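One letter stands for each residue in the lines below.
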Amino acid sequence: MTRETWATRAGFILAAAGSAVGLGNIWRFPWVTADNGGSAFLLVYLAIVLLVGVPGLLGEFVLGRRGKKSPVGAFRDLSGSRTWGLWGVFYVVTAIALISFYSVVGGWILRYFGESALGLAGAQPAYFTEPGAYFGAASAGLDALGFHLLFLGLTAVVVYAGVRRGIELGTKVMMPAVLALLIGLAVWAGTRPGAAEAYAFYLSFDLATIRANFFDVLGPAAGQALFTLSLGAGTMITYASYIDEDRSLPFDGTVIAVLNTLVGVLAGLVVFPLLFSLGVDPSQTAPGPGALFVGLAGAFSQLPAGALVATAFFGVVVLAALSSSISMLEIPVSFLVDEYGLSRPQAVALVTVAVVVTGGICAINPTIAGVGVFGFVAGPLVDTLLTAGLAAVLVFVGWVMGRDAVTELRSGAGGVTDALATPWLLAAGVVLPIFLLFTLLTNFGVDASIGFWPTVGVAVLVAAAAFLGVRTDRSLV
């Protein structure tokens with residue numbers, strides 16, 4: 001079976017950027033920023049995107065383009081090890097976990113978009129009156145299940161159409177639309193009363209705040225960077241596997257990271273001026289999954305032409321969500337096509353049925369041991385899977401591919417890449433895995449139990465053991 005490829009370079013960049021530009025930027029970014037000190041969080045986040053995100057993105061690109069297969073086949077073929085191939089299944093599982101909660105949130109957005117659009121016909125959107133109660137009723141139960149199925153169906157249609165006619169064509173429309181609408185909304189929001197105060201909260205450089213809260217902000221900023229760049233789930237490995245020509249991976253990766261960050265920053269330039277214009281404290285706007293729907297819904301209800309603004313805003317979020325969800329669905333679809341020879345329609349149907357079930361559980365949101373399934377999947381489970389997934393990619397690139405990774409990175413790139421390729425390999429193979437392991441340990445509260453520096457020591461020891469194990473165990477190499 002002939003493997004599909006991207007038709008154009010722009011198509012690949014927009015598809016990969018569309019995967020990164022999603023709910024993490026518009027749904028999660030503003031409230032995580034507000035919860036972690038505004039500008040202090042923003043600066044730490046931008047630093048992690050540059051120093052961790054871009055090198056990690058290049059690691060997934062190198063692995064994907066070199067392997068020309070889904071994560072399972074790429075790990076297995078490039079290592080000659082069945083053990084690494086089995087590890088590739090981890091990314092298929094991660095993708096299913098991601099889309100299981102993502103399609104539920106996508107369903108919420110579709111509902112709010114439809115409700116807002118009805119407001120243009122004269123009927124006041126139902127969530128205007130009691131935004132908190134409306135979200136509480138809409139976020140779980142049979143209604144949430146129905147909209148989850150609708151959003152999943154839209155995603156499946158795009159993936160069914162294939163790489164060129166579905167994913168590439170769809171993201172070529174979605175990404176420019178997202179940017180244009182966000183820019184327009186940001187310009188309009190800048191004219192609102194209180195915009196200057198919002199910009200000070202969001203953009204001002206406050207070194208004292210950063211120093212005082214750096215380690216508190218570091219974990220959330222790292223998690224946000226991985227989530228928004230689609231790292232650790234195998235998405236970029238899969239997308240890079242469809243590249244059929246030499247091109248500059250550093251250039252493509254930088255453009256994708258810039259577009260992704262631009263959308264996140266633009267989302268903040270829309271959200272914070274709206275909240276400040278109404279005298280709303282961003283840190284008190286229902287932190288968590290409901291922030292976008294409760295805090296902003298209250299803002300829209302008090303704005304002139306609020307239904308129109310709400311329709312435009314939720315329309316942006318729908319497009320951004322779809323551009324990401326199609327990349328998540330593509331990972332298990334690519335796995336079934338590559339490894340089992342299924343046709344694309346068969347693979348899409350099989351994976352969609354599986355996510356109907358797993359996402360349905362998140363939509364109904366039963367409680368186990370006092371914790372909602374949605375909250376567990378969308379929070380600690382996904383954070384852990386993404387961090388572990390990217391750490392494994394970087395260990396593989398640095399210690400299994402080695403100089404082949406440098407060769408692949410240099411292919412199609414210029415002289416600057418030739419000079420930076422070896423330092424990049426050192427960072428990717430040693431420094432970044434240690435950082436990610438430290439982040440993983442802090443996610444489990446190890447630093448709170450034994451202290452900061454002992455946790456760093458544990459991360460170094462675990463990383464050293466992993467490096468030694470990969471180098472000495474022939475079944476892994």
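Please refer to the structure placed before this passage.
Fair warning: this is a prediction, and the values are worked out from it, not measured in the lab.

Now for the pattern of salt bridges. On inspection of all chains with the given rule, the structure shows 12 salt bridges. Between R9 and D252 there is a salt bridge, with the nearest N and O atoms lying 3.0 Å from each other. Taken as a pair, R9 in helix α1 (residues 9–20) and D252 in helix α12 (residues 249–277) lie far apart in primary sequence, 243 residues in all. Two residues, E168 and K172, come together in a salt bridge whose shortest N-O distance is 3.5 Å. Linking E168 with K172, this pair stays in helix α8 (residues 163–189), spanning four residues, or about one helical turn. Residue classification places E168 among the buried positions, given a relative accessible area of 2%. One continuous salt-bridge network, built from bridges that share partners, spans R65, R66, D404 and E408.

With respect to the helices and strands, the residue S248 is situated in the loop between α11 (235–240) and α12. Aside from chain neighbours lying at most four places away, what touches S248 is R9, G412 and A413.

Judged by side-chain polarity, L43, L46, F205 and L207 come together as a nonpolar surface patch covering roughly 340 Å² of accessible area. As for its position among the elements, L43 is in helix α3 (residues 39–67). Accessibility expressed as a relative area gives 31% for L43, which makes it partly exposed.

Looking now at the environment of A428. On the secondary structure map, A428 appears in helix α18 (residues 415–443). Taking the relative accessible area as the measure of exposure, A428 reaches 0% and is therefore buried. Separated by 35 residues in the primary sequence, A428 and V393 place their C-alpha atoms 9.0 Å from one another. Beyond its immediate stretch of four places on either side in the chain, A428 contacts L394 and P433.

What follows is about helix α20 (residues 452–472). Compared with the 30 Å implied by 1.5 Å per residue over 21 residues, the 30 Å span of α20 between its first and last C-alpha is a close match. All of the buried residues along α20 are T455, A459, A463, F467 and V470. Within α20, the buried residues cover an arc of 110° as seen down the axis, which keeps them to one side. Opposite the buried face of α20, at more than 90 degrees from it, the exposed residues are W453, L461, A465, L468 and T472.

Take the packing of α3 against helix α10 (residues 207–228) next. Two numbers describe how α3 lies on α10: the axes approach to 7 Å, and their chain directions differ by 50°. The orientation of α3 with respect to α10, classified from their angle, is oblique. Seen along the crossing, α3 lies across α10 with a hand that is right-handed. Contacts between α3 and α10 involve A40, F41, L43, V44, Y45, I48 and V49 from the former and T209, I210, F214, V217, L218, P220, A221, A222, Q224, A225 and T228 from the latter. Partitioning the contact of α3 with α10 into residue classes produces 15 nonpolar, three polar and no charged.

With that settled, consider the packing of aromatic side chains. Across all of its chains, the model carries 30 aromatic pairs by this definition. Consider the rings of W84 and F396, whose centres lie 4.9 Å apart with planes at 75°: the pair is edge-to-face. Highlighted residues: W84 in helix α5 (residues 82–120) and F396 in helix α16 (residues 373–401), separated in sequence by 312 residues. Take W84: its relative accessible area is 7%, and that puts it in the buried class. Judged by centre distance (5.4 Å) and plane angle (80°), the rings of F438 and F452 are edge-to-face.

Here is what the cut-offs are and how they apply
- Residues numbered from 1 in each chain as written.
- Predicted model: local features only at pLDDT ≥ 70, side-chain atom pairs only at ≥ 80, totals over all residues.
- Heavy atoms only, no water.
- Salt bridge = Lys/Arg side-chain N within 4 Å of Asp/Glu carboxyl O.
- Helix = DSSP H or I, 4+ residues; strand = E, 2+ residues; numbered from the N terminus.
- Buried < 20%, exposed > 50% of the residue type's maximum accessible area, 1.4 Å probe, protein only.
- Contact = heavy atoms within 4.5 Å.
- Patch = residues over 30% accessible without salt bridge, like charges linked within 9 Å, V, L, I, M, F, W, Y side chains within 5 Å.
- Areas by Shrake-Rupley, 256 points an atom, 1.4 Å probe, with all protein chains shown as cover.
- Expected span 1.5 Å × (residues − 1).
- Arc of directions from axis to C-beta.
- Axes fitted to C-alpha atoms, helices over the stretch in contact; angles between N-to-C directions.
- Parallel < 35°, antiparallel > 145°, perpendicular 65-115°, else oblique.
- Left-handed = near helix turned anticlockwise from the far one by under 90°.
- Nonpolar A, V, L, I, M, F, W, Y, C, P; charged D, E, K, R; others polar.
- Phe/Tyr/Trp six-rings, centres within 6.5 Å; stacked < 30°, edge-to-face > 60°.

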